[in-house]
Amino acid sequence: MRAVVVEEVGVPPVLREVPDPVPSPAGVVVRVEATGICRSDWHAWQGHDPDVVLPHVPGHELAGTVVAVGPDVVRWTVGQRVTVPFVCACGTCEVCRAGDGQVCPHQTQPGFTGWGSFAELVALEHADTNLVALPDDLDSVTAAGLGCRVATAHRAVVTRGRVQPGEWLSVHGCGGVGLAAVAIGVAVGARVVAVDVRPEALSAARELGAEVVLDATTDGDVPAAVVAATGGGAHVALDAFGSAVTCADSVLSLRRRGRQVQVGLLPAATGHPRVPMERVIAYELDLLGSHGMAAADYPPLLDLVTSGRLPRAALVHRTVSLEEVPAALAALGEGRLGAGITVAVP
């Protein structure tokens, strides 16, 4: 099969032929019909993830068709169309039995702990726990866009942030996760403030229903601007980018008893952010991490999409070929890929 292979950290990956994967006893092999290009893939390429062993094939947002099934798989057969969360849970540990597979201590992650979906085929573990059947009317490109960023945003906004209709949600960073959070917030009735430094990202956020958009480079003190726009601060703030600045701005944008949801990765290689804990204490803020979404929690998100409440145009902004993935990955890291989600179609 063809795959985009990282040979050295930071060196542009190359598209080349590699051996086809085979399913593990409890796993499957999926023919990739679409795969998202995510900032987390860029982090893996840059050597920020200790689980990545070179040579490596990134890619963790995918949709496709099952083409091979391990002997222990019960629920899935060849020919079924599926997607999968980026965290593949073991399904048997105490954490998984409690319904929290997104933080399974024995998790595997395609594109991180093993080869991923920037390829024509990908092997997935523990299929009976992790595969998600796709509705017949949901195309693979849209489904791939759900895999990490949209699913992550849904859990962050709805489950972790517990945003309620009429509450203010401030979203700091309007890339794939951030724009998905804007769209999901609007879909569930929140009033949304979107913050970014790129005019195209803010324009996209406004088109998705953000009531207020703030340019962090020109609108001055971001937390003060959010507090002013919302009449006291956001009820829920989400750092969707992951930097010392966006993390602090997100916390400081909250009203008293607000909820901060950290989604953007803050890898140790980029330094540790200063979290304004004095504000956390004085305002009795909740600090919440959010890490993907378990396969069992996909139905409400799929319902949002297939019902039209979450517009499909909000999920994917452009498609590229597998040959274009290396350049797109580099452009993503340099901020040149533009707003929204890019999906590769092998």
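Details of the structure are given in the entry above.
It should be emphasised that the depicted structure is a prediction, and the values quoted were computed from it without experimental measurement.

Moving on, we get to unusual backbone geometry. Residue Leu-54 is joined to Pro-55 through a cis peptide bond whose omega torsion reads -5 degrees. Position of Pro-55 among the secondary structure elements: in the loop between helix H1 (39-45) and strand E4 (61-69). The backbone phi angle of His-126 is positive, close to 50 degrees, even though this residue is not glycine. Within the fold, His-126 resides in the loop between strand E6 (121-124) and helix H3 (127-130). Given the relative accessible area of 27%, His-126 is considered partly exposed.

The subject of this paragraph is the packing of aromatic side chains. All told, the structure shown has zero aromatic pairs when counted by the stated rule. Geometry around Trp-42 places Arg-39 over its ring, the cationic atom sitting 5.0 Å from the centre. Between Arg-279 and the ring centre of Tyr-283, over which it is positioned, the NZ or CZ distance is 4.5 Å.

Moving on: the pattern of salt bridges. Tallied over the full model, the rule gives 11 salt bridges. Arg-259 is the partner of Glu-167 in a salt bridge, and the nearest nitrogen-oxygen pair spans 2.9 Å. Of this pair, Glu-167 sits in the loop between helix H4 (140-160) and strand E8 (168-172) while Arg-259 sits in strand E12 (residues 254-262), and the two are 92 residues apart along the sequence. When its relative accessible area of 13% is taken as the criterion, Glu-167 is described as buried. If you follow the salt bridges from partner to partner, you end up with Arg-2, Glu-120 and Glu-323 in one network.

What counts, and at which threshold
- Here the residue numbers are simple positions, counted from 1 along each chain's written sequence.
- Since the coordinates come from a predicted model, pLDDT governs what is reported: local features require at least 70, and pairs of side-chain atoms require 80 or more to be given and counted, while whole-chain, interface and lining totals use all residues.
- The side-chain figures draw on all heavy atoms in the structure; neither hydrogens nor water molecules are used.
- Segments assigned H or I by DSSP are reported as helices when at least four residues long, segments assigned E as strands when at least two residues long, and all are numbered from the N terminus.
- For each residue, the accessible area found with a 1.4 Å probe, counting protein chains only, is set against the maximum for its type, and the residue is called buried under 20%, exposed over 50%, and partly exposed in between.
- Two aromatic rings, drawn from Phe, Tyr or Trp (for Trp, its six-membered ring), form a pair once their centres lie within 6.5 Å of each other, and the interplanar angle then sorts them: stacked below 30 degrees, edge-to-face above 60, tilted otherwise.
- A ring is scored as having a charge over it whenever the NZ atom of a lysine or the CZ atom of an arginine sits within 6 Å of its centre and within 35 degrees of its normal.
- The term salt bridge refers to a side-chain nitrogen of Lys or Arg lying within 4 Å of a carboxyl oxygen of Asp or Glu.

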